[in-house]
Amino acid sequence: MIAVGEQTQKERHPLARKRVIVLVTSGSLLLIAAILSLMIGPVSFSMQEIWNGIFVANDTMERRIVWELRFPRVLVGMIVGVSLAVAGAILQGVMRNPLADPGIIGVSSGAGLAATVIMIIYPAYIMFLPLAAFLGALATAVVIYALSWRGGASPLRIILVGVAINAVIGACMSALMLLYSDRVQAVLPWLAGGIAGVGWVQFEMIIYYAIAAFVLAIFSVKHIRILRLGDEVAKLLGHNVERSRFFLIVLSTLLAGMAVSVSGLIGFVGLVVPHIMRSIVGGDYRFLLPASALGGGLLVVVADTIARTLFNPIELPVGILLSFLGGPFFLYLIQKRRDSFADN
């Protein structure tokens, strides 16, 4: 028995080391990407100038550009990437489906519709944009859950209903833009998905929501791991499946709605990042969730840096760039799943 236990420990040791290495590497790459994003742009800065721009409160050019423009943009980009990736990882765990994503099942669209209503019809209440986006995402999640209920809400029904609701919300947003066509111009960049122009106001709008959501996400790991065993096994273990599933969906709506409120409709982060990280660190959510968080922040910061510098003097919305990357990856996942079904 001791020999078997020692052998098991040896078998697990390489994977444990790999997970630690991935987390440390991802965190280091995120820090490097953030520093490079502060340095690179139409006006480039050295490390010393970046340091002065952040920590020396003099009215200098580096202070105005680094502290007032780039630094809050990088921080918001990190929060958006982390939020979308964690939301996607949670939904994929709850649905037991690697194709689940806040954008695909309609949660992000619900947040986007509520935010669009605020920006177009009630611009005086713009300070409530994060709350409106969350409530829109939550209302969408409740509708999806209610329409999926047949003595329980199966993951497959939730995804199918979510896709249908996503289409309906898209039609509502198109109708809204036609009815208020004179006000649409200010909303179009937001609909394309981007963090251009964000500052400390937007950071302060979402930071408290982010802290609360990330703390809840840490405590949700146990629920996700049990639900991944399947509904029948979870019920045999005495777990309240429907209550846990609904809580996790609400948590993902908070994360997605918070991200949408400041970045617009950025897609595919919640789909791509958890899937890649799962192939590296495995399906254990004790490691997958933080790895996805770091990977999501890294992806958005890098993509935003590329989008605002590569096409200079034009600044491409980061949502468009991520769609170019995420669309082919989504097709790859569909093809892979089709092949696996064919093999069975």
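Quantities reported herein were computed from a predicted structural model and do not represent experimental measurements.

Caption draft 1: Here's a closer look at a nonpolar patch on the surface. Together, Tyr122, Tyr125, Ile126, Met127, Phe128, Leu131 and Leu135 line one region of the surface with nonpolar side chains, adding up to about 690 Å² of accessible area. Owing to a relative accessible area of 44%, Phe128 belongs among the partly exposed residues under this scheme.

Caption draft 2: A look at the packing of aromatic side chains. This model, assessed by the stated rule, comprises 7 aromatic pairs. Their ring planes at 75° and their centres at 5.7 Å tell us that Phe71 and Trp200 sit as a pair that is edge-to-face. One end of the pair, Phe71, is in helix 3 (residues 61-95); the other, Trp200, is in helix 8 (residues 200-219), and 129 residues separate them in sequence. Pairing Tyr122 with Tyr125 gives two aromatic rings, centres 6.5 Å apart and planes at 70°, and the pair type is edge-to-face.

Caption draft 3: A look at the nonpolar core. The biggest cluster of nonpolar side chains holds 99 residues, and the ones touching the most others in it are Val86, Ile90, Met95, Ile249, Leu255, Val269 and Leu289. For this core, the leading source of residues is helix 3, giving 19 residues. Setting aside residues up to four positions removed in sequence, Ile249 forms contacts with Leu91, Val94, Met95, Ala141, Tyr145 and Ile158.

Caption draft 4: The arrangement of helix 6 (residues 155-179) in detail. In this model, helix 6 (25 residues) spans 36 Å end to end at C-alpha, consistent with the 36 Å of a helix rising 1.5 Å per residue. For helix 6, every residue scored as buried is listed here: Pro155, Ile158, Ile159, Val161, Gly162, Ile165, Ile169, Met173, Leu176 and Met177.

Caption draft 5: Fine view of the confidence of the model for the protein chain. Taken over all residues, the pLDDT of the protein chain has a mean of 83, while the share at 70 or more is 92%. For the protein chain, the element scoring lowest by mean pLDDT is helix 14 (residues 318-343), at 71; helix 13 (residues 285-309) scores highest, at 92. Segment residues 1-8: pLDDT under 50, and 0 contacts once partners within four positions in sequence are set aside and those in other chains are kept.

Caption draft 6: View of the packing of helix 12 (residues 269-281) against helix 13. With their axes 8 Å apart at the nearest point, helix 12 and helix 13 run at an angle of 130° to one another. Compared by their axis directions, helix 12 and helix 13 come out oblique. Note on packing geometry: the crossing formed by helix 12 with helix 13 is right-handed. Contacts from Val269, Val273, Pro274, Met277, Arg278 and Val281 in helix 12 reach Tyr285, Phe287, Leu288, Ala291, Ser292, Gly295, Gly296, Leu299 and Val300 in helix 13. Residue composition of the contact of helix 12 with helix 13, by class: 11 nonpolar, 3 polar and 1 charged.

Caption draft 7: Seen up close, the side chain of Thr140. In this structure, Thr140 sits in helix 5 (residues 129-148). Judged by its relative accessible area of 7%, Thr140 falls in the buried class.

Caption draft 8: The arrangement of the environment of Ser252 in detail. Checked against the element boundaries, Ser252 lands in helix 11 (residues 241-263). Taking the relative accessible area as the measure of exposure, Ser252 reaches 1% and is therefore buried. Linking Ser252 and Val86, residues 166 residues apart in sequence, is a C-alpha distance of 7.6 Å. Not counting residues within four places of it along the chain, the set of residues in contact with Ser252 comprises Ala87, Ile90 and Leu91.

Caption draft 9: Quick look at the pattern of salt bridges. On inspection of all chains with the given rule, the structure shows 4 salt bridges. The partner of Arg73 in a salt bridge is Glu315, with the nearest N and O atoms 2.7 Å apart. You can see Arg73 sitting in helix 3 and its partner Glu315 sitting in the loop between helix 13 and helix 14, a full 242 residues away along the chain. Overall, Glu315 belongs to the partly exposed group, its relative accessible area being 35%.

Caption draft 10: Local environment of the packing of helix 5 against helix 6. At a minimum axis separation of 9 Å, helix 5 and helix 6 run at an interaxial angle of 130°. Of the possible angle classes, the one that applies to helix 5 and helix 6 is oblique. Two packed elements cross with a definite hand, and for helix 5 against helix 6 that hand is right-handed. Here Thr140, Val143, Ile144, Tyr145, Leu147 and Ser148 of helix 5 come into contact with helix 6, specifically with Arg157, Ile158, Val161, Gly162, Ile165 and Ile169.

Caption draft 11: A look at unusual backbone geometry. One non-glycine residue, Phe268, adopts positive backbone phi at about 75°. One can find Phe268 in the loop between helix 11 and helix 12. Phe268 sits in the partly exposed class, given a relative accessible area of 23%.

Conventions adopted
Residues numbered from 1 in each chain as written. Predicted model: local features only at pLDDT ≥ 70, side-chain atom pairs only at ≥ 80, totals over all residues. Heavy atoms only, no water. Patch = residues over 30% accessible without salt bridge, like charges linked within 9 Å, V, L, I, M, F, W, Y side chains within 5 Å. Areas by Shrake-Rupley, 256 points an atom, 1.4 Å probe, with all protein chains shown as cover. Salt bridge = Lys/Arg side-chain N within 4 Å of Asp/Glu carboxyl O. Buried < 20%, exposed > 50% of the residue type's maximum accessible area, 1.4 Å probe, protein only. Phe/Tyr/Trp six-rings, centres within 6.5 Å; stacked < 30°, edge-to-face > 60°. Helix = DSSP H or I, 4+ residues; strand = E, 2+ residues; numbered from the N terminus. Core = buried A, V, L, I, M, F, W, Y, C linked by side-chain atoms within 4.5 Å. Contact = heavy atoms within 4.5 Å. Expected span 1.5 Å × (residues − 1). pLDDT = per-residue confidence, 0-100. Axes fitted to C-alpha atoms, helices over the stretch in contact; angles between N-to-C directions. Parallel < 35°, antiparallel > 145°, perpendicular 65-115°, else oblique. Left-handed = near helix turned anticlockwise from the far one by under 90°. Nonpolar A, V, L, I, M, F, W, Y, C, P; charged D, E, K, R; others polar.

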